[in-house]
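A structural walkthrough
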Amino acid sequence: MKKIWINGKFVDPDKAKVSVFDRGFMYGDGVFETMRGYAGRVFKLDRHMDRIFQAMDAIGIRHRYSKRRIEKAINSTLRANHLSGAYIKLTVTRGEGRFGISYKDDFCANVVIVAKEFEGYPSWMFDDGLDAKVIGVQNEMSATSGIKSLNYLPHILARFAAKRFGFDEAILTNTKGYITEGTTSNIFIVKNNALITPSRASGILPGITRGVIIEIAKKLKMNVKEKLVTRRELLYADEIFLTNSLAEVLPVTKVDSKRIASGKVGDITKLLRIFYQKEVIREALQ
């Protein structure tokens with residue numbers, strides 16, 4: 001990592017700083033996007049921009065940059081760091097303020113873009129699948145539900161708890177007990193050849209990769225259902241996989257120590273991963 005973009009300027013990593021009075025630091029008052037670059041281009045950059053701008057509007061962050069300006073900044077950051085395959089994180093905070101949560105100050109958002117080489121995931125995760133534990137609750141009625149906010153503590157604590165019990169990942173439920181998502185991912189199950197994923201009403205963050213997978217599945221004439229998903233449906237699924245921008249499609253073969261179907265990565269999971277990667281290549285070659 002050679003250069004970091006902060007508020008319109010590139011700085012060296014050791015000089016990349018925001019104030020201790022920044023509300024993102026003090027209160028988690030901000031939003032972020034995690035993206036993946038392929039061959040020097042960010043996959044579905046326009047969708048990531050739409051989502052973070054919608055999130056900023058939803059929580060009232062005043063921003064000084066247009067979508068086009070941020071897109072250019074992200075691409076410039078990739079070039080400045082000589083990156084082809086990349087992990088990119090865009091963070092926007094409300095800005096600096098005084099102690100307390102008052103809105104008397106005239107805030108000016110801090111915008112930070114960090115990019116580094118994408119190191120990939122271990123091959124065993126895709127070959128064997130993850131072990132996941134249903135643990136942790138997220139409030140579907142929260143004002144930040146459906147927003148990729150810096151208030152990430154419930155997901156962090158769920159991941160920590162799952163790891164303590166010897167699992168690779170946590171799967172959260174909402175306050176009514178319905179399955180929502182992984183700690184950094186959306187979740188899909190396959191049952192009788194139908195593709196099922198928790199609906200937005202569950203309280204999920206609708207991921208960019210989730211949306212692409214749904215589009216691909218519909219093109220393949222699969223039966224796609226967005227609905228409330230019970231824990232029993234999860235445990236007795238034929239296949240389970242997680243999706244996010246970095247991992248793409250990540251199989252789950254065991255939940256709560258119960259083997260899912262045969263305990264092996266399913267054929268539909270493999271198929272959707274292949275078609276997702278084809279979409280990546282198609283966009284990269286445009």
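Summarised in this report is the structure supplied together with it. Because the structure is a prediction, the values reported are computed rather than measured.

All right, on to the pattern of salt bridges then. Scanning all chains against the criterion turns up 17 salt bridges. Across the salt bridge formed by Lys3 and Asp12, the nearest N and O atoms sit 2.7 Å from each other. Exposure remark for Lys3: the relative accessible area of 30% places this residue in the partly exposed category. Overall, the relative accessible area of 29% leaves Asp12 in the partly exposed class. When the shortest N-O distance is used, the salt bridge between Glu233 and Lys227 registers 2.8 Å. Its relative accessible area of 27% is what places Glu233 among the partly exposed residues. When salt bridges with common partners are traced through the structure, they connect Lys44, Glu279, Arg282 and Glu283 into a single cluster.

Turning next to the environment of Thr253. Residue position: Thr253 is located in strand 14 (residues 248–255). By relative accessible area, which is 7% here, Thr253 ends up buried. A polar side-chain atom of Thr253 sits 2.8 Å from the main-chain carbonyl oxygen of Asp128.

Moving on, we get to the nonpolar core. Counting 26 residues, the largest nonpolar core has Met35, Met49, Ile70, Ile74, Ile88, Leu90 and Val92 as its most contacted members. Only strand 3 (30–38), helix 2 (45–59), helix 3 (67–80), strand 5 (86–93) and strand 6 (110–117) provide two or more residues apiece to this core. When residues of this core are assigned to their parent elements, the largest contribution, six residues, is made by helix 2. With sequence-adjacent residues up to four places away left out, Ile70 is seen in contact with Met49, Phe53, Tyr65, Leu90, Val111 and Ile113.

Each value, and the rule that gives it
- Residues numbered from 1 in each chain as written.
- Predicted model: local features only at pLDDT ≥ 70, side-chain atom pairs only at ≥ 80, totals over all residues.
- Heavy atoms only, no water.
- Salt bridge = Lys/Arg side-chain N within 4 Å of Asp/Glu carboxyl O.
- Buried < 20%, exposed > 50% of the residue type's maximum accessible area, 1.4 Å probe, protein only.
- Helix = DSSP H or I, 4+ residues; strand = E, 2+ residues; numbered from the N terminus.
- Polar contact = N/O pair within 3.5 Å; in protein donor to acceptor, adjacent residues only side chain to side chain.
- Core = buried A, V, L, I, M, F, W, Y, C linked by side-chain atoms within 4.5 Å.
- Contact = heavy atoms within 4.5 Å.

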